[in-house]
Amino acid sequence: MKLYELLENNAETRIGDTEISSVTDDTRKVTEGSLFVCVRGGSFDGHDAAAEMLEKGAAAVVCERDLGLGDRQILTDNSRRLYGKLCAAWFGHPERKLKMIGVTGTNGKTTITSVIKHILMYTGHKTGLVGTIQNEIGDEVFHTENTTPMAFDFMSLLDRMVKSGCEYVVMEVSSFGLVQNRIGSSHFDIALFTNLTQDHLDYHKDMEDYYQAKKLLFDVCDTAVCNIDDEYGRRLYSEITCEKLTFSVKESAAYYADGIKIKPTGSSFWLCRGSKSRLIKTPVPGLFNVSNITAAIAVCDKAGIPADKVIEAIAAYKGVKGRCEVIPTGRDFTVICDYAHTPDALVNILRSVREYTGNRLICLFGCGGNRDSSKRPKMAASAAEYADRLIVTSDNPRNEDPIDIINDILVGLEGKDVPYDVVADRREAIYHALKIAEKGDVIVLAGKGHEEYQIIGSEKKHFDEREVVAEGLKLLR
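From a predicted model like this one, the values you see are computed outputs, not experimental measurements.

### Regarding unusual backbone geometry
Link 1 in the chain: Phi at E8 takes a positive value of approximately 50°, unusual for a residue other than glycine.
Link 2 in the chain: Turning to its location among the elements, E8 is positioned in the loop between α1 (3-7) and β1 (22-24).
Link 3 in the chain: Judged by its relative accessible area of 33%, E8 is partly exposed.
Link 4 in the chain: The backbone of C324 sits at a positive phi, close to 50°, despite the residue not being glycine.
Link 5 in the chain: Along the chain, the position of C324 falls in the loop between α10 (307-315) and β16 (325-327).

### Some points on the pairing of strand β3 (residues 60-63)
Link 1 in the chain: Residue alternation in β3 divides its side chains into two sets, A60 and V62 and V61 and C63, and both sets are buried.
Link 2 in the chain: Once you follow strand β2 (residues 34-37) into helix α2 (residues 50-56) and on to β3, the crossover reads as right-handed.
Link 3 in the chain: Two elements, β3 and strand β4 (residues 73-75), share 3 bridges in a ladder whose sense is parallel. Across the sheet, residue V62 finds its bridge partner in β4, namely I74.

### A short note on helix α12 (residues 376-386)
Link 1 in the chain: Considered for burial, the residues of α12 that qualify are R376, M379, A380, S382, A383, A384 and Y386.
Link 2 in the chain: Contact partners of the buried residues in α12: α11 (343-354), β18 (361-365), β19 (389-392) and α13 (402-410).

### As for the sheet that holds strand β13 (residues 255-263)
Backbone-to-backbone hydrogen bonds pair the strands of a sheet. The strands run either parallel or antiparallel.
Link 1 in the chain: Spatially, β8-β7-β6-β9-β5-β10-β11-β12-β13-β14-β15 is the arrangement adopted by the 11 strands of the open sheet, whose pairing is mixed. The open sheet is flanked by β8 (140-142) and β15 (276-282), the only strands paired with a single partner. Strand-to-strand, the axes of this sheet are offset by a mean angle of 20°, without reference to chain direction.

### Let's talk about the environment of I133
Link 1 in the chain: The residue I133 is located in the loop between β6 (127-130) and β7 (135-137) in this model.
Link 2 in the chain: Along the sequence, I133 and A383 sit 250 residues apart, while their C-alpha atoms lie 24 Å from each other.
Link 3 in the chain: Those residues in contact with I133 that sit more than four places away from it in its chain are T110, T144, V320, K321, R323 and H450.

### Re the packing of aromatic side chains
Link 1 in the chain: Per the counting criterion, the structure on display carries 3 aromatic pairs.
Link 2 in the chain: Centroid distance Y211 to Y232: 5.5 Å. Interplanar angle 35°. Geometry classified as tilted. Of the two residues, Y211 sits in helix α7 (residues 207-215) while Y232 sits in helix α8 (residues 231-239), which places them 21 residues apart along the sequence.
Link 3 in the chain: On the accessibility criterion, Y232 (15% relative accessible area) is buried.
Link 4 in the chain: Across from the ring centre of F142, 4.5 Å away, lies the NZ or CZ of R160, which sits over that ring.

Criteria and thresholds
Residues numbered from 1 in each chain as written. Predicted model: local features only at pLDDT ≥ 70, side-chain atom pairs only at ≥ 80, totals over all residues. Heavy atoms only, no water. Helix = DSSP H or I, 4+ residues; strand = E, 2+ residues; numbered from the N terminus. Buried < 20%, exposed > 50% of the residue type's maximum accessible area, 1.4 Å probe, protein only. Right-handed = clockwise from strand over helix to strand, strands pointing away. Pairing = 2+ DSSP bridges. Contact = heavy atoms within 4.5 Å. Axes fitted to C-alpha atoms, helices over the stretch in contact; angles between N-to-C directions. Phe/Tyr/Trp six-rings, centres within 6.5 Å; stacked < 30°, edge-to-face > 60°. Lys NZ or Arg CZ within 6 Å of the ring centre and 35° of its normal.

Here you go:
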């Protein structure tokens, strides 16, 4: 591809006829004829390697300041933004060939995108999914490292979706992905906001910065769907200027749930839209899942999917791995695995499970190392609000001492009248939970969800809570 074709009038250069063999911001991937984009990261600035990349064979470099490299440097005011556009152009703009649905917020993204994709596939629309747990092209599943992939990988994935015949793509759009321009020149047909609670404040300086990052999605969409049960959702609705709709499980909205009934085996509710209401039944339990499903219905209705088919699809939906997932035990107590790793998410899962717990609600949780430490005592306080007993353990300690993390957590239990045990090793903590379980108890294993690993130090070790529960049950025999 010629350089001028790639740039698409996004920048000027005197060497527009130069043939470009690849586009990258990774020094390790530069080869003869590459266009290297200088991006400033947290620990490395690509500008420092620009001259070396030209010596390595790069045809030109994109940079934010004059590096004295003559015609072979292309100046821009934002390398990340231009890189995203270059990646889209390199793949022939696949984002323009798909109907794009984006979901952002702190909690609920994975379930909502999963439900929407299920409905679209159920009704005959081949759909791609980009998310935290995995990426999907129709029925094919692919591993993912990031909720929102890096710009080149993202456009490559969309290109594969287009070539495989996908009509839609449903994706979780992270604050990282938005701030770092990973979505390139993507424009969304529908964008949905779930909620905003404390998370990622090790990256964002405060909640306002976090909110403004999420809000960026609604600058590049045709229709916004906002959760007015959340204070930030109400604020977003009042601030954006595109077409906008609301949903709620607490009050009247464009789409709202009424007559909600929650059981261990699922939920039912009346979905109200204007003067019309339809009975919705789902095998997925929990009030927060009623909210997630209401959100998905709003999106699919806006996309033009027939209501009868939507209702059928929801009745057949089985849920998401690691999201309020019941792990079979064959015992007279229940074990639930959930990804809840923020104070609000923990409240949501425990409050929901509380409704159908026959005896005690036991919550096992920890907090990640090298992450926002201010939420640790808040996690404890949230757990203490609904659980009858707590087991404080490790999550992904990374390079922190697990005991130091636990001590931060325990601050939130000061003055709380709830018994707790400290078992730093998560495997042993799960064994302990199983050992103390009584008839009718529900054990919630919070924090890991779909993850099948633990990060200890710099090493990612295999750790699947489903396997650990099976091992623990054998030890009880």
